[in-house]
Amino acid sequence: IDAARSVDVPMGEFWMHEKYDYETAVSAAHLYGRPVVSAEAFTANPDINFKGHPATLKKAGDKAWTLGLNEFMFHRFAHQANTHVMPGMTMSQWGSHIDRTQTWWNTAGKLWFEYLQRGQYLLQKGIPVRDLLVFVGDGAPANPVSRRSLKDLPTEISFDSCNPHALINRVSVKDGKLRLPNGVQYDALALRNTANMTMSTLQKLDQLSSGGAVLIGTKPKTLAGYGTSSKDRATFKRLVEKIWTRPTTYHASDWTSIFKKHDIEPSPTTSGRKHLDFIHKKIDETDL
């Protein structure tokens, strides 16, 4: 995430085999106000090659949209110099083959491209609507948090991972909500990897919790860094006790009871099935 904040267009990738690498790009884009989140798209093993077509590709693309990716860089679109040979050259064994000599190009191609164009135009607009911000900790590397590591987190709860730089420099609190300068807001802050914590991070947590922010995570044990004084360590211990005795700070991630207590509800909710993949954007007063 620290690296991704320095780029204009953060980028992930996804494969036609339920393999999605998106967390860093999506979280960095939301944290630092990047509207476009690109992806190497529809990459495939040899079992796809020229056998892929819009009906098989659409499902993977839709899933990528719900994860927060909103610009597809086709893998692959090769130059086909000889249009009298169809379907043309491969890129060795890799990729879904998306180019003008494909058998579906002049039939299903146009409608699918119009669908992608419209969907991505909309998904690059507005403000992401998210529920939870997850701090990744002060250690290195600052990898994003995976959903499977957030035990028992309801599947309909959306979240972004947050690095120390964004937490300290871009997150504020208003009316108990965590807010970013680009308009994204979160209902609560979950803390990961808290055993060692810097004074800067702890002071920021104190500021946020004093403003009514909901914090969920275990107490830090030691002050991170070299050459810390006894005075620094005493201040650290005092701040930890201060934060973790506030009524909006929780040691354990009993998500259901915490969310219920603070009227935190996922948006949207679904009925009739356990979970529906979705992405939620706010465009002015319109929910998309």
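One can find the structure itself at the top, above this paragraph.
Residues numbered from 1 in each chain as written. Predicted model: local features only at pLDDT ≥ 70, side-chain atom pairs only at ≥ 80, totals over all residues. Heavy atoms only, no water.

(A) Local environment of the side chain of Thr101. By secondary structure assignment, the location of Thr101 is in the loop between strand E4 (71-74) and helix H3 (109-123). We classify Thr101 as buried; its relative accessible area is 1%. Thr101 has contacts with Gln80, Thr83, Val85, Met86, Pro87 and Gly88, leaving out every residue within four places of it along the chain. (Helix = DSSP H or I, 4+ residues; strand = E, 2+ residues; numbered from the N terminus. Buried < 20%, exposed > 50% of the residue type's maximum accessible area, 1.4 Å probe, protein only. Contact = heavy atoms within 4.5 Å.)

(B) Main features of the sheet that holds E4. The mixed open sheet is built from four strands, whose spatial order is E2-E1-E3-E4. A single partner strand is all that each edge strand has here, and the edge strands are strand E2 (19-21) and E4. Between one strand and the next, the sheet's axes are offset by a mean angle of 20 degrees, whatever the strand orientation. For strand E3 (residues 38-43) and E4, the ladder comprises four bridges, and the chain directions are parallel. Looking at the pairing, Ala39 lines up with Phe72 of E4. Here H3 sits on the sheet in contact with E3 and E4, set at roughly 140 degrees to E4. (Pairing = 2+ DSSP bridges. Axes fitted to C-alpha atoms, helices over the stretch in contact; angles between N-to-C directions.)

(C) Main features of the side chain of Thr194. Note on placement: Thr194 falls in the loop between strand E11 (188-191) and strand E12 (196-197). On the basis of relative accessible area, Thr194 is assigned to the buried category, the value being 5%. Polar contacts involving the side chain of Thr194 include one to the side chain of Thr218, which spans 2.9 Å. With sequence-adjacent residues up to four places away left out, Thr194 is seen in contact with Thr218, Lys219, Pro220 and Lys221. (Polar contact = N/O pair within 3.5 Å; in protein donor to acceptor, adjacent residues only side chain to side chain.)

(D) Expanded view of the pattern of salt bridges. Inspection of the entire model under this criterion finds 10 salt bridges. When the shortest N-O distance is used, the salt bridge between Asp99 and Arg76 registers 2.9 Å. Here the residue Asp99 occupies a position in the loop between E4 and H3, and Arg76 occupies one in the loop between E4 and H3, the gap between them amounting to 23 residues. On the basis of relative accessible area, Asp99 is assigned to the buried category, the value being 0%. Residues Asp287 and Lys282 are paired through a salt bridge, measuring 3.1 Å at the closest nitrogen-oxygen approach. One continuous salt-bridge network, built from bridges that share partners, spans Asp206, Lys242 and Arg246. (Salt bridge = Lys/Arg side-chain N within 4 Å of Asp/Glu carboxyl O.)

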